[in-house]
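A structural walkthrough
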Amino acid sequence: MRVGQKNPVTRRWARRGTRPSAPKDQRTASPHVFGAICPALGKGAAIVMPRCNTEAMALHLEEIAGAIEPGAHAVVLLDQVGWHTTEALDVPANITLMPLPPRCPELNPAENVWQFIRDNWLSNRVFETYADVLDQACAAWNKLVDQPWRIMTLGLRDRAHLS
C-alpha cells in the first residue's frame, strides 16, 4: 500500500447543511507498506520501505517467514507486479507465492485491509514531513494488528478455505 502526502480524500459524516473540510496535499513523498495478514489467526506482518522493488519484496517475505508459526506454511496471494514474481526473488521455504489473475484485486483479501486503513486512519489529512508519513503508516498498521478480530473480518473469504 502506498501511503504518502498525496492521500485520497474520502467520505466524511457531517451535519446536514454543513461542509466538513477535507484537506488534500499536493506533495508526493510516499513510502510503501508491505503487509500480509493471516485471517485465520488474526495476525499480520509488515515492513515500510521507500520504494517497491525486488529487494523490498525479499525483505517483506523474510518478515512474513519469521512471523509464521514453527512447522506451519504460508500461502501469500499477490498480484502479478514484476517485483512480486521475478525469478530473482528468494522465497523462504515456509512460504508459497500464489499469483492472482491480472486485474483482479477483489480476489486479494489484503485489498480490504488497505482500504480500511486508508479510510479510517490515513485519509483526509496533510502530513507535515516524510517522517510523519512513516510514523503514521506504522501507527496505522500497529492499530490494525492490535485488533485481531478486525484482521479476521477483513481478510476471510469463503473461497479461500477449501475443504
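Residues numbered from 1 in each chain as written. Predicted model: local features only at pLDDT ≥ 70, side-chain atom pairs only at ≥ 80, totals over all residues. Heavy atoms only, no water.

Describing the packing of helix H3 (residues 110–122) against helix H4 (residues 130–145)
The line we're drawing: Between N-to-C directions, angles cover 0 to 180 degrees, with each direction set by a line fitted to C-alpha atoms, over the stretch in contact for helices. A run of H or I in DSSP becomes a helix once it reaches four residues, and a run of E becomes a strand once it reaches two; helices and strands are each numbered from the N terminus. In this scheme the handedness of a crossing depends on how the near helix is turned from the far one: anticlockwise by less than a right angle means left-handed, clockwise means right-handed. In what follows, a contact means two residues having at least one pair of non-hydrogen atoms within 4.5 Å. Just so you know the grouping, Ala, Val, Leu, Ile, Met, Phe, Trp, Tyr, Cys and Pro go in nonpolar, Asp, Glu, Lys and Arg go in charged, and all remaining residues, Gly too, go in polar.
Between H3 and H4, the shortest axis-to-axis distance is 10 Å and the interhelical angle comes to 115°. Of the two elements, H3 crosses H4, and the hand of that crossing is right-handed. Here Val 113, Trp 114, Phe 116, Ile 117, Trp 121 and Leu 122 of H3 come into contact with H4, specifically with Gln 136, Ala 137, Ala 140, Trp 141, Lys 143 and Leu 144. Split by residue class, the contact of H3 with H4 holds 10 nonpolar, one polar and one charged.

Some remarks on the nonpolar core
For clarity, the cut-off: Buried Ala, Val, Leu, Ile, Met, Phe, Trp, Tyr and Cys residues that are joined via side-chain atoms within 4.5 Å together make up what is termed a nonpolar core. Note on classification: 1.4 Å probe, protein chains only; a residue is buried when its accessible area is under 20% of the maximum for its type, exposed when over 50%, partly exposed between these limits.
Within the largest apolar cluster, 17 residues are counted, with the highest numbers of intra-cluster contacts made by Phe 34, Met 57, Leu 61, Ile 64 and Ile 95. Among the elements of the structure, strand S1 (32–38), strand S2 (43–49), helix H1 (54–67) and strand S3 (74–78) are those that each provide at least two residues to this core. When residues of this core are assigned to their parent elements, the largest contribution, six residues, is made by H1. Aside from chain neighbours lying at most four places away, what touches Met 57 is Phe 34, Leu 78, Trp 83, His 84 and Leu 89. By size, the runner-up hydrophobic cluster in this structure holds 16 residues, among which are Ala 110, Val 113, Ile 117 and Phe 127.

Examining the pattern of salt bridges
As a reminder of what qualifies: What counts as a salt bridge is simple: a side-chain nitrogen of Lys or Arg found within 4 Å of a carboxyl oxygen of Asp or Glu.
Tallying each qualifying case throughout the model produces one salt bridge. Where Glu 69 meets Lys 43, a salt bridge forms, and the shortest distance between an N and an O atom there is 2.5 Å. Here Glu 69, found in the loop between H1 and S3, pairs with Lys 43, found in strand S2; they are 26 residues apart in sequence, far enough to count as distant. In this structure Glu 69 comes out as partly exposed when scored by relative accessible area, which is 39%. The class for Lys 43 is partly exposed, based on a relative accessible area of 38%.

Remarks on the pairing of S2
Heads up, the condition is: At least two DSSP bridges between two strands are needed for those strands to be called paired.
Relative to S2, S1 is paired through seven bridges, and the arrangement is antiparallel. Paired with His 32 across the strands is Met 49, a residue of S2.

What to know about H3
To be explicit about the condition: Arc definition: directions from the helix axis to the C-beta atoms.
Regarding H3, the residues found buried are Ala 110, Val 113, Trp 114, Phe 116, Ile 117, Trp 121 and Leu 122. Each buried residue of H3 sits inside an arc of 165° when the element is viewed along its axis, so together they form one side. Packed against the buried residues of H3 are S1, H4 and helix H5 (148–155). One or two residues past the end of H3 sits Asn 124, with phi positive at roughly 60°.

Focus: the confidence of the model for the protein chain
Put simply, the rule is: Values of pLDDT, the confidence the predictor places in each residue, fall between 0 and 100.
With 83% of its residues at a pLDDT of 70 or more, the protein chain shows a mean pLDDT of 85. No element of the protein chain has a lower mean pLDDT than helix H2 (residues 82–85), at 83, and none a higher one than H1, at 96.

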